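Residue-level structural notes
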Amino acid sequence: MPARKVHGHSDSVNYSPSIVQEKEGVEAWKHIEAVAVSSDWIGKEQALEHEKVIEDLNIDGLKSVVEARNMKFGNIISSKVKDEHQDDAEDVYMNVSFSNSDERGNAFALNVYKESAPDSQCKYGYIYVYDLPPMFNEEIISDCISLNVFQNVCNTLLNDGLGPSLGDASPLGQNASWFMSDQFTSEIVFHRRMLQHSCLTDEPEKATGFYVPYYGGLDVGRYLWSGYSAERRDRVGSRLLEWLAEQRPWKRNRGLGHFMMIGRISWDFRRSRDEDWGSGLFHNPSMRNMTRLIIEKNPWEYMEMGVPYPTNFHPRSDTELMLWQSYIRSLHRGSLFSFAGARRSSFNNDFRGILLDQCQQAKRCRSLDCSNRVCDNNQRTLELFMSSIFCLQPRGDSFTRRSIFDCLLAGTIPVFFWHRSAYMQYKWHLPDEPGSYSVFISKHAIRNGTQIEDVLMAIPPEKVRRMREVVISMIPRIVYAASSLAMKHHQDAFDVSVEGVMRRFKEELHLSPEVA
């Protein structure tokens, strides 16, 4: 791919300054319209919106939604999320049930195919990929020993970020499609896939979207431990923003229409004080208009959209994908539910410990104790999930965990205890109706003695069958194919993510009075 130099100037893709203030409200109302067909969910979405308005607009004077949002969230979150009680307020407006979800779930199952008409391939416009100086990507991974202070992760960078091949250990003999993929290498995978995208342009004046291939997660991951200063943690990200500020597309649109992919969670970039955890990148004013695809988003941040963690499966064809779907559909599942995790003795009333105890006491549960790092081999957890009908998915070190996507890949129905683990994260990739593919049990109910086995046994077998079928139908959208040429008839997680970004950018352009 030849180097892309930014040149030229055109008003043809200018974003109106008013977009910054308008787009949050427009997006929220479009989302409400989209779910209005579900009587169960419209009330919950209105309650959610009402709560956000009350919280975000409790400010003297007339402020825009975006200004209120930035005032609220610009200073609150200052450290890595550890307290499992921080999201208790979710239960006020979220109460997921099993009812009235089948039709929506089955409709979702049909919507997994790529556009086939040639004139529709770039219907949302073209993408310009910045040719960044090497310090923002190539140099970060060239010194792979520095990426993790605890272990050598150089092999995770093999095969353009997919990791080392599983070889003969690959399921179904698909030796070229299974890898030991690391959850933090998504930035490399996205960059490679972006360079293969069919709607690229070398002319920035023709672009609707601008991709910034900064390996921000890998960058900051080098400095999260060992006492590095705030200046050191912020250094590369700050230089990136200085570099972008000199580019014409950035100047023209004040950063609107630009996006990056971040392979760490949002909270690693929301440091408010120098002595706190992480980078302060997302609090930099220059990031206000930058869209971030990220493995765990701040649920109330419009500029962030959650994308799946990578799994070990990277299909090289539609046939491989469908063979896997057929295989897991045919499996005999001897366990009702399963759980892979480790006790956290440092946590008072450890929730994972409660789940392990319930699993060990149940008649039809299998568990995998991850305290000895056995779960570092994600194939072990995948095999565990493939043997069960349901899998338990509590929060991880943050609200999400890679295990969610290993569970879905296994064709297993996830059981959630926090709404922020999935429902408020991956709206482009998961069905609108949570009850069509998952079970929700309040963490408070579990602490008060509710038995998971009793809840799951009470779900009718036909309902379970339909839920599992929805899960299996979701698999194309939550795996990353080996390349952009791999699948011709299915959208993978990358396709869904980029199309979502470009659709949003196209809608914002249409809102602008300055655009013809």
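Below is a summary of the structure that appears in this document. (Residues numbered from 1 in each chain as written. Predicted model: local features only at pLDDT ≥ 70, side-chain atom pairs only at ≥ 80, totals over all residues. Heavy atoms only, no water.)

Here we come to the pattern of salt bridges. Per the counting criterion, the structure on display carries 19 salt bridges. Taking the shortest distance from any N to any O, the salt bridge between Arg273 and Asp276 comes out at 3.0 Å. The partner of Asp406 in a salt bridge is Arg402, and the shortest N-O contact between them spans 3.3 Å. No difference in accessibility class separates Asp406 from Arg402, as the two residues are buried. Here the salt bridges do not stand alone but share partners, grouping Arg270, Arg292, Glu301 and Glu304 into one network. (Salt bridge = Lys/Arg side-chain N within 4 Å of Asp/Glu carboxyl O. Buried < 20%, exposed > 50% of the residue type's maximum accessible area, 1.4 Å probe, protein only.)

Our focus in this paragraph is the pairing of strand S3 (residues 258-265). Counting buried positions along S3 yields eight of eight residues, so the element is predominantly enclosed. Bridge count for strand S2 (residues 207-211) against S3 is two bridges, and the pairing is parallel. By the bridge assignment, Tyr211 is partnered in S3 with Phe259. One ladder, built from five bridges, connects S3 with strand S4 (residues 291-296); its direction is parallel. Paired with Met261 across the two strands is Leu293, which belongs to S4. (Helix = DSSP H or I, 4+ residues; strand = E, 2+ residues; numbered from the N terminus. Pairing = 2+ DSSP bridges.)

On to the sheet that holds strand S1 (residues 126-129), then. What the five strands build is an open sheet, ordered S1-S2-S3-S4-S5; its pairing is parallel. The open sheet has two edge strands, S1 and strand S5 (304-306), and neither has a second partner. Between one strand axis and the next, the sheet turns by 30 degrees as a mean value, whatever way the strands run. Against the sheet, helix H8 (residues 186-194) engages S1, S2, S3 and S4, with an angle of about 150 degrees to S3. (Axes fitted to C-alpha atoms, helices over the stretch in contact; angles between N-to-C directions. Contact = heavy atoms within 4.5 Å.)

What follows covers the packing of aromatic side chains. As enumerated under the stated definition, the model contains 24 aromatic pairs in all. A network of ring pairs unites the aromatic residues Tyr128, Tyr130, Phe210 and Trp243 as a single cluster. Geometry around Phe184 places Arg264 over its ring, the cationic atom sitting 4.5 Å from the centre. It is Arg292 that lies over the ring of Phe282; its NZ or CZ is 4.4 Å from the centre. (Phe/Tyr/Trp six-rings, centres within 6.5 Å; stacked < 30°, edge-to-face > 60°. Lys NZ or Arg CZ within 6 Å of the ring centre and 35° of its normal.)

With that out of the way, let us pick up the side chain of Asp268. For Asp268, the position within the fold is in the loop between S3 and S4. Residue classification places Asp268 among the buried residues on the basis of a relative accessible area of 2%. A polar atom in the side chain of Asp268 sits 2.9 Å from the side chain of Arg264. (Polar contact = N/O pair within 3.5 Å; in protein donor to acceptor, adjacent residues only side chain to side chain.)

What follows is about the sheet that holds strand S8 (residues 388-393). Taken in spatial order, the five strands line up as S7-S6-S8-S9-S10 in an open sheet, and their pairing is parallel. Each edge of the sheet is formed by a strand with only one pairing partner; in this case those strands are strand S7 (365-369) and strand S10 (439-440). In this structure, S8 lies alongside strand S9 (residues 413-416), joined through four bridges in parallel fashion. The residue bridging Leu392 from the neighbouring strand is Val415, located in S9. In this fold helix H14 (residues 378-386) packs onto strand S6 (335-341), S7 and S8, with an angle of close to 160 degrees to the strand it touches most, S6.

Turning next to the environment of Pro134. For Pro134, the location among the structural elements is in the loop between S1 and helix H6 (138-142). Along the primary structure Pro134 and Tyr214 are separated by 80 residues, whereas in three dimensions their C-alpha atoms are 9.5 Å apart. Those residues in contact with Pro134 that sit more than four places away from it in its chain are Glu139 and Ile140.

The packing of two helices is summarised by the inter-axis angle and the distance between the axes. Taken N-terminus to C-terminus, the directions of helix H12 (residues 318-330) and helix H18 (residues 461-478) make an angle of 160 degrees; their axes are 10 Å apart at the nearest point. Classified by the interaxial angle, the pair formed by H12 and H18 is roughly antiparallel. Here H12 runs over H18; the crossing is right-handed. Of the residues in H18, those touching H12 at Leu321, Trp324, Gln325, Ile328 and Arg329 are Glu469, Ile472, Ser473, Ile475 and Pro476. For the contact of H12 with H18, the residue count by class is six nonpolar, two polar and two charged. (Parallel < 35°, antiparallel > 145°, perpendicular 65-115°, else oblique. Left-handed = near helix turned anticlockwise from the far one by under 90°. Nonpolar A, V, L, I, M, F, W, Y, C, P; charged D, E, K, R; others polar.)

This paragraph deals with the pairing of S2. Counting buried residues along S2, five of its five residues qualify, which places the element largely inside the surrounding structure. Pairing analysis gives four bridges linking S1 to S2, with the strands arranged parallel. Of the residues in S2, the one forming a bridge with Tyr126 is Ala207.

You will see that Ser226, though not glycine, has its phi angle at about 70 degrees, which is positive. Tracing the backbone shows Ser226 in the loop between helix H9 (216-221) and helix H10 (230-244). Since its relative accessible area comes to 59%, Ser226 is described here as exposed. Positive phi, close to 55 degrees, is recorded for Arg254, a residue that is not glycine. By the element assignment, Arg254 lies in the loop between helix H11 (248-253) and S3.

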